[in-house]
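Given next are the chains, with one letter for each unit.
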Amino acid sequence: MSSNNSNTENNDNSLVIFVNGKKVIDNDVDPELSLLSYLRRKLRLTGSKLGCGEGGCGACTVMLSRYDHRQKKILHYSANACFTPICAVHGMAVTTVEGVGTSNKLHPIQERLAKAHGLQCGFCTPGIVMSMYALLRNNPQPTARRIEESLVGNLCRCTGYRPIIEGLNTFTENGCCGNPSACKKFEGDEDMICGLFTPSDFTPYDPSQEPIFPPELQLNEELQSTSVRFVGKSMTWIRPVTLKELLQLKAEIPDAKLVVGNAELKFELMGKDTGHHTLISPLQIPELSCINVNDDSMTFGSSVTLTSMGEALRKQVEELPRLNGQVYSSLLDMFEMFGDVQLRNMSGIGSHIMTASPLSDLIPLLMAAGSTVTIASLQGGSRTVALDTNFITGYRKTCLKPDEVLVSVTVPKTKENEYFSGYKVKNQAHRRDYTVAMVNAGCKVEFEHGSNVVKDMVLSFGGTGPSIVVVPKITDKSKGRKWDENLLKDILQMLRDDVPLSAQGGMIEYRRALLQSYFFKFYTKVQSELLGKQTPSLADTDNSALSTIQKEVTTGTQLFQATPADQPANDPIGRPVGNLSNIQIVTGEAVFCEDIPPIPDELHLALVLSRRAHAKIISVDTSAATSLDGVHCYVGQADVPGTNSWPPQDPTDNEKELFASKKVLHFGQIIGGIVAESPEIAHKAAKMVKVVYEDLKPVLTIKEAIACQSLYEPPMCLEEGKPGDEFGKSDHVIEGEFYIGAQSHFYMETQACLVRPQELDEMLIIASAQDFVDVQKHAAEVLGISYNKVTVKTRRLGGGFGGKEGSAAIVAAVCAVAARKAGKPVRIMLERDKDMQVVGTRHTAMAKYKVGCSKDGHLKAMELELYLNAGCTKGISMFMMIQALSSQHNVYKIPAYKVCARMCKTNIACCQAMRGAGTPQAHAIIDSIMDNVARKCQITPEKVREMNFYKEGDLDNFCQEMPDISNMYRCWNECMQRSNYYQRREEVEAFNRTNRWKKRGLAIIPLKRIVGFQLRFLNQGSALVHIYTDGSVLLTHGGVEMGQGLHTKTVQIASRVLCIPPERIHINETSTDKIPNASTTSASSGTDLNGNAVRVACEILMERLEPFMKQNPNGSWNDWVQAAYFNRVSLSASGYFCNSVGLDLENIRNGNKGQYYFSYGVGCSEVEIDCLTGEHQLKRTDIVMDAGTSLNPALDIGQIEGGFVQGYGYFVTEELRYSKKGELLTRGPGMYRIPGVSDIPSQFNVTLLKGAPCKDGIFSAKGLGEPPLHLAVSVLLAIKDAITYARDDHGLSGHFEFNSPATSERIRLACTDDFTDKNQTSEETEEEFFVRP
């Protein structure tokens, strides 16, 4: 690329950029490439990751730097490389994680993240490093709040964010990590340690040591002041430098698109074969890049980024009188809810306006403020028009002519007697046009001088339909009227009657409630401003409508038991040891599947997926696709040399195939694939494959499946006593129905695989898979070869959570067929939206229940029908059903019960195991029932729970003994104490008495969950340990590292048994040619199975070394190893471990042990909700968890925090929605909202129970991968608790059903009030657009 001999025939210019300080010249750049693709594929800088491809996850974050010759200063800012066009960085400096620091010389950011345990799988970590790096380059001592704001655009599915924030908070002015215990000794039990790291150990940060900006870019203005043009096969990129040149280009090429950040255009072009198109970058045109402050307004050039606009607005707000800056402060507030830092750094205000999106967050405010825009063209000159409904003429259409350009937007200051506000529901996913959903608003009112008589009013709304709306009737009817309750009542009625809401996106009732809630908030705000001007005063409780819920900066404590005083210093067991790969992860040197360097002649695979949920395949036409240059072949059912049935070992299980050939059973099912020279060509060709279908009626939901009896066999029932008789003896009988939605795994690294054909029909598969043996078996069956000819290797996963078990085998099998047909290596990495369509989700569940209790809250009987949506094949749903039944009672003793479970057959992707595997649904159901019992009996929920706990000596509902059930009581009592539960309950009640529109809720819930596999054959583990003659040790086992720290713990175990420091032990990839027939890494079993196998292998080796140790007791480890070698003693040993656990599925309750042990814990959470919008904030969470004797407190606490936050997503924020045709609508971070840094508890406290050794766990420890997720039920019930107070204010008593997830929509509609009472119900209306499965 630095060569000048490349073909320059099509390009007028060479791309010039500096990457990590090195100059790169490319004479033949392809303008279609993103910066990320260029970095990864051309420069082989793979530290930046592809997580979503839409700028929503932050894994691809880099820092861009440029010298602004007009301002005479260097600008640094973070950007998402996945949607930044490579040509957009011409003349800039790009810094990736590789340029920040290396494993030999860590940057302080990297060091602190590693030592603070701020990583797990590590796929997201380089992006987090770069977001923080960009912040420090601009502000070497940021505030804690600014640090959290800078990380809003970086998603992490593993850690729960707390350790990331805590580590990075050490860069604040006082260097405080946010953990109080780090600043003073923990005042309590001397055997307990508080805090996982010591900030004083960190290398000081010296900003002067940062790399200098390339002098060439600072001294040479030519790269920025000269027009450039890059021409590719299907795209031309032009960057003019004068307004005249731009207008000339638009006159010549009226279809050319102007781009600044490229975010919206990327989505517009996604999935479309648009032919050749021209993009124009106006960033270097002075008139479009300037900001002018006028006497009564501010003017922003259309290329001004939202970040620059925000900085200018903030300066004006600080300088202007408060009332004159209302428009600007409202825009600033909206900016904080608009996208993230990376998006705002790249997106221009003009681009945002010109999209004319009906979902725009800013246009309604600009319209209501009375903004104007300046438009210019070569022929027509310049004109100024109002930014109103005449400017936006329809869906994504404006009044601009094809040759016109938006030059600037002028935003007026707030005048005297004017009041202004903007409104939006916070923490919503950045929406896309196919789901018009959330409503936002801009509100302005002007009064006659010195009065409360309305002179003018403008209400502007987005999210109501195909375009932004202003309600002229409200404007007309309000003029001349007093600002009082009568006006409020009339306007609310007009908002109900005169603002039509499109059915697109559903949620009609919620959106209509938001229209009214927003205006009520505005009315209340204005009324408060008018107080003292002879207007009626507000009711005190209505004041709570004025404020927004704010998250405090994150703090927390981590408490764990100290190791015994006599434990050797080099024994790492029980110590907070960091992840073995933490240095490689923070530097971007850790290699994930897609980071593996390309192999000569390597090809790429893109999948052809079904566009129907249920249909017969009539024909598949691949001619257009295979004729495209660069396409090698199409692969489908005809190319499978072995069996095409899926799963291969049981073709009678269902009618699904690896490649669908006759019928498709779900939207996104694999029909075939395109093998091509590049991913871009493969994806383009895959879209050109034409499939003709004959549609069949799909079944999507549980209720539809029940109605048509689309159910899998067999059902399962558990029964004890005679619940029918007990209902008659109960004081209260409560009946209801509870629904809990599905959840996507959303691991940060999507499904990825590389297959290399080898001699003698062998295949080498490198896969991102939890169950690499499953990959081996299925690939062999599909290829028609024996297992011993398929070798599968896995080094690390970028997250798994159950989604990389069976689904990884499907992707690998397809890739293997492609490699066999092509005869060359083939690589695939699914795009995020394809991954979410192909891979099944957690099971949706619905429970119909009837429970009887005494008037004092004691449970008497329960009948429950549980339905799981299994999807288009049964898959593993039978085992999920068993898991759910095993946990259906949680910790509660129910004397008589009948619980039956069924699996529903539907036309969605076959549902998969996911962290918790069936039990989170059961826990949410039973603890929701317990809350309903408490409300019915008018007893506090914690008392009802306590009185129904299992007692020592009880058997649970699976006839399992609970020998350490006392640990649950200890967790409960300690959590009650540490959370200060009773005092906080009083504080919650006091708050709720004085606040009508904000409510707080508090909930505490216990946990009992099995650990391990219930199927006997899975309970086995293997390991292989080699000692080399230099004394170093090589370890491998059958477990897969995916961020949970399995490799780290197994090295700790080997270190203890071998009595050598862990630094002498190395662990490499997991592979079927080293460990055969390994069980899948799941069910929190990894350390118990593989750690014990490592222990056994090491004990064998120590037995062999023992004679030499006795012969030379003063010798060293190396002496003993050398002696054994020269005496021809094998220094290699395999270890094998199995236990007696396993249920008899024919007779589950026959007394067989169904788990290694039980995991216990208690979680207490407090929330605050906005009753008018449905927003909420998690204020505090306290967790006490039984980890046995922790092998590694840092890893265990990380699993607790990460599991809890993932559970919070499941129970609260993450909702999967499908179209009526079965297409998953909520795919990708733009529509599916996993928790972010702003969602976690403001105070997050975790304690590991002291003195609770587990006799069945390795070195007395317990596995913790899955159980903590269940404790997030406390957030769901805390929200329900807050809603209860709101309903009480409205005169509603008694229990009510509150389904999961607790989205803003559900919260708002459950807070019944005058606004919702007058609206229609939403169920039928919203189902016209989408369904919840």
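For the structure itself, consult the block above.
Residues numbered from 1 in each chain as written. Predicted model: local features only at pLDDT ≥ 70, side-chain atom pairs only at ≥ 80, totals over all residues. Heavy atoms only, no water.

1. Focus: the state of the cysteines
Consideration 1: Across all of its chains, the model carries 1 disulfide by this definition.
Consideration 2: Covalent S-S linkage joins cysteine 717 and cysteine 900, the inter-sulfur distance amounting to 2.1 Å. Disulfide cysteine 717 to cysteine 900: torsion about the S-S bond roughly 115°, handedness right-handed. In this pair, cysteine 717 sits in strand 29 (residues 711–720) while cysteine 900 sits in strand 37 (residues 896–905), placing the two residues 183 residues apart along the sequence.
Consideration 3: Using a relative accessible area of 18% as the deciding quantity, one classes cysteine 900 as buried.
Consideration 4: The cysteine cysteine 633 is free of any disulfide, with cysteine 815 supplying the nearest cysteine sulfur at 11 Å. (Disulfide = S-S within 2.5 Å. Helix = DSSP H or I, 4+ residues; strand = E, 2+ residues; numbered from the N terminus. Buried < 20%, exposed > 50% of the residue type's maximum accessible area, 1.4 Å probe, protein only.)

2. So, the sheet that holds strand 41 (residues 1065–1067)
Consideration 1: One open sheet accounts for 4 strands, arranged 41-40-39-43; its pairing is mixed. With partners counted over all chains shown, the strands left at the sheet margins are strand 41 and strand 43 (1132–1138), one partner each. Direction aside, the axes of adjacent strands within the sheet are offset by 25° on average.
Consideration 2: Note that strand 39 (residues 1020–1027) and strand 40 (residues 1033–1037) share 5 bridges and pair antiparallel. Across the sheet, residue isoleucine 1027 finds its bridge partner in strand 40, namely valine 1033.
Consideration 3: Helix 34 (residues 1046–1058) contacts strand 40 and strand 41 of the sheet and is inclined by roughly 130° relative to strand 40.
Consideration 4: Contacts from helix 35 (residues 1086–1111) reach strand 39, strand 40 and strand 43 within the one sheet, and its direction differs from that of strand 43 by about 140°. (Pairing = 2+ DSSP bridges. Axes fitted to C-alpha atoms, helices over the stretch in contact; angles between N-to-C directions. Contact = heavy atoms within 4.5 Å.)

3. Digging into the pattern of salt bridges
Consideration 1: The full count for this structure, using the stated rule, is 66 salt bridges.
Consideration 2: Across the pair glutamate 594 and arginine 827 runs a salt bridge whose closest N-O atoms are separated by 3.8 Å. Separated by 233 residues along the polypeptide, glutamate 594 in the loop between helix 21 (582–586) and strand 23 (603–609) and arginine 827 in strand 34 (residues 826–829) bring together distant segments of the chain.
Consideration 3: Overall, arginine 827 belongs to the buried group, its relative accessible area being 3%.
Consideration 4: Taking the shortest distance from any N to any O, the salt bridge between arginine 612 and aspartate 695 comes out at 2.8 Å. (Salt bridge = Lys/Arg side-chain N within 4 Å of Asp/Glu carboxyl O.)

4. Topic: the packing of helix 26 (residues 772–783) against helix 27 (residues 806–822)
Consideration 1: Contact geometry of helix 26 with helix 27 gives a least axis separation of 8 Å together with a crossing angle of 40°. In terms of axis orientation, helix 26 runs oblique to helix 27. For the pair helix 26 and helix 27, the crossing hand works out as right-handed. Packed against helix 26, whose contacting residues are Asp774, Val775, His778, Ala779, Val782 and Leu783, the element helix 27 presents Gly806, Ala808, Ala809, Ala812, Ala813, Ala816, Val817 and Arg820 at the interface.
Consideration 2: The residue inventory of the contact of helix 26 with helix 27, partitioned by class, reads 10 nonpolar, 2 polar and 2 charged. (Parallel < 35°, antiparallel > 145°, perpendicular 65-115°, else oblique. Left-handed = near helix turned anticlockwise from the far one by under 90°. Nonpolar A, V, L, I, M, F, W, Y, C, P; charged D, E, K, R; others polar.)

5. Considering the pairing of strand 7 (residues 228–231)
Consideration 1: Here strand 7 shows a clear split, with Val228 and Phe230 buried on one side and none of Arg229 and Val231 buried on the other.
Consideration 2: Judged from the 4 bridges that link them, strand 7 and strand 8 (residues 235–239) form a sheet pairing that is antiparallel. What sits directly across from phenylalanine 230, in strand 8, is tryptophan 237.
Consideration 3: Linking strand 7 to strand 8, which pair antiparallel, is a turn of 3 residues.

Treat this as a map of the structure, not an account of what it does.
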